[in-house]
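# What the coordinates show
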Amino acid sequence: MEDYERKYYVPWKDEPTFKIPHGEKSHFMAHCCEFEELKTEKKLADFGYLVTHGYDLVAGVREYLTDRPEYHTSICQAFVEYLEYLHGDIASFIAVYNMDGVISLDQMVELCSKEVAQRYFLDYEKDYRSGEYRRVPSIKDAPAWEEDKIGKLVKQSGKSLAELLLLTTEEMLQMVEEFG
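These lines cover the structure that appears in this document, whether it is placed above or below. All values reported here derive from a predicted model rather than from experimental measurement. (Residues numbered from 1 in each chain as written. Predicted model: local features only at pLDDT ≥ 70, side-chain atom pairs only at ≥ 80, totals over all residues. Heavy atoms only, no water.)

### As for the overall build of the protein
A tally of helices and strands in the protein yields 11 helices and four strands. When burial is assessed residue by residue, the protein has 41% of its 180 residues classed as buried. For the protein, restricting intrachain contacts to residue pairs at least 6 apart in sequence, the fraction spanning at least 24 positions comes to 59%. If you sum the accessible surface of the protein, you get close to 10500 Å²; carbon and sulfur atoms cover 48% of it. (Helix = DSSP H or I, 4+ residues; strand = E, 2+ residues; numbered from the N terminus. Buried < 20%, exposed > 50% of the residue type's maximum accessible area, 1.4 Å probe, protein only. Contact = heavy atoms within 4.5 Å. Areas by Shrake-Rupley, 256 points an atom, 1.4 Å probe, with all protein chains shown as cover.)

### A look at the packing of helix α6 (residues 72-87) against helix α7 (residues 92-99)
It is the contact of α6 with α7, at a shortest axis distance of 8 Å, that shows an interaxial angle of 150°. In terms of axis orientation, α6 runs roughly antiparallel to α7. Note on packing geometry: the crossing formed by α6 with α7 is right-handed. Contact residues: α6 offers Cys76, Val80, Leu83 and Glu84, while α7 offers Ser92, Ile94, Ala95 and Asn98. Across the contact of α6 with α7, the residue classes tally to five nonpolar, two polar and one charged. (Axes fitted to C-alpha atoms, helices over the stretch in contact; angles between N-to-C directions. Parallel < 35°, antiparallel > 145°, perpendicular 65-115°, else oblique. Left-handed = near helix turned anticlockwise from the far one by under 90°. Nonpolar A, V, L, I, M, F, W, Y, C, P; charged D, E, K, R; others polar.)

### As for the side chain of His27
Here His27 is to be found in helix α2 (residues 24-28). Of the polar contacts made by the side chain of His27, one reaches the side chain of Ser26; its length is 2.9 Å. For His27, the contacting residues outside a window of four places in its chain are Ile20, Pro21, His22, Phe35, Leu38, Lys43, Asp46, Phe47, Ala78 and Tyr82. (Polar contact = N/O pair within 3.5 Å; in protein donor to acceptor, adjacent residues only side chain to side chain.)

### Points about the packing of helix α4 (residues 40-52) against α6
Running from N to C, α4 and α6 point in directions that differ by 95°, and their axes come no closer than 11 Å. Put simply, α4 runs roughly perpendicular to α6. Here α4 contributes Thr40, Glu41, Lys43, Leu44 and Phe47 to the contact with α6, which in turn contributes Phe79, Glu81, Tyr82, Tyr85 and Leu86.

### So, the state of the cysteines
Applying the stated rule across the entire model yields zero disulfides. The closest cysteine sulfur to the non-disulfide-bonded Cys32 is located on Cys33, 6.7 Å from its own sulfur. (Disulfide = S-S within 2.5 Å.)

### What about the pairing of strand β3 (residues 120-126)?
Relative to strand β4 (residues 133-139), β3 is paired through seven bridges, and the arrangement is antiparallel. Pairing of Glu125 across the sheet is with Arg134, part of β4. Remark: six residues form the turn of the hairpin made by β3 and β4, two consecutive strands paired antiparallel; Gly131 in that turn has positive phi of roughly 80°. (Pairing = 2+ DSSP bridges.)

### Digging into helix α11 (residues 169-179)
Residues of α11 that are buried include every one of Thr169, Met172 and Met175, and no others. Along the axis of α11, the buried residues cluster in a sector spanning 115°; they form a single face. Turned more than 90 degrees away from the buried face of α11, the exposed residues are Gln174, Glu177 and Glu178. (Arc of directions from axis to C-beta.)

### Let's talk about the environment of Met29
Among the secondary structure elements, Met29 is positioned in the loop between α2 and α3 (33-37). We classify Met29 as buried; its relative accessible area is 6%. Remark: the alpha-carbon pair of Met29 and Thr73, spanning 44 residues in sequence, is separated by 9.1 Å. Leaving out residues up to four positions away in the same chain, Met29 has contacts with Glu24, Phe35, Tyr64, Tyr71, Ser74 and Ile75.

### Some details on the packing of aromatic side chains
Evaluated as defined, the whole model comprises nine aromatic pairs. Considering the side-chain rings of Phe28 and Tyr64, the 5.4 Å spacing of their centres and the 70° angle between planes classify their relative orientation as edge-to-face. Separated by 36 residues along the polypeptide, Phe28 in helix α2 and Tyr64 in helix α5 (residues 57-66) bring together distant segments of the chain. Tyr64 matches Phe28 in its accessibility class, with the two residues each being buried. Here Phe79 and Tyr82 contribute two aromatic rings whose centre-to-centre distance is 5.2 Å and whose plane-to-plane angle is 85°, an arrangement assigned as edge-to-face. Here Phe79 and its partner Tyr82 are both found in helix α6, three residues apart, which amounts to about one turn of the helix. Across this residue pair, the class does not change: Phe79 and Tyr82 are buried. Over the ring of Phe35 we find Lys43; its NZ or CZ atom is 3.2 Å from the centre of that ring. Stacked on the ring of Tyr64, the Lys or Arg Arg68 has its end atom at 4.0 Å from the ring centre. (Phe/Tyr/Trp six-rings, centres within 6.5 Å; stacked < 30°, edge-to-face > 60°. Lys NZ or Arg CZ within 6 Å of the ring centre and 35° of its normal.)

So, in structure tokens, the structure goes:
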């Protein structure tokens, strides 16, 4: 597990307990100072490491919301930002569907979990102090989805735009292959 144990696990527990690096606020609360300080790719790479090692991101968000229900909108905005990063501009429709109650926060978080699990990998980065290379979590880029192709898929597949937006990249690629 290399040096990730210190970063992602709570050391004083008998069983490994996950923690979100830099705190939940930096990953869940859109537009707060802590959220803005970290790059989106970095936050998604953290999620990638966590979900590929068994962390339930949906449960983590729910737990965070338990004591802070007034932050629901801010958390939704954070996950819309993540999905826009992962799916491109087409995912901005997710914000509208979320406001209309068609797509729930749980669905957005679950989609984000699936996406980062598919794209997560360990990359090598040079440490500027020591000059040595170390492994760091990263997220692979996804194909860009064009609005006209999504519109064509809606017509051909019989699925709604909301249903298509909730597909993972892998599922979307299968749809593209099937319906051309």
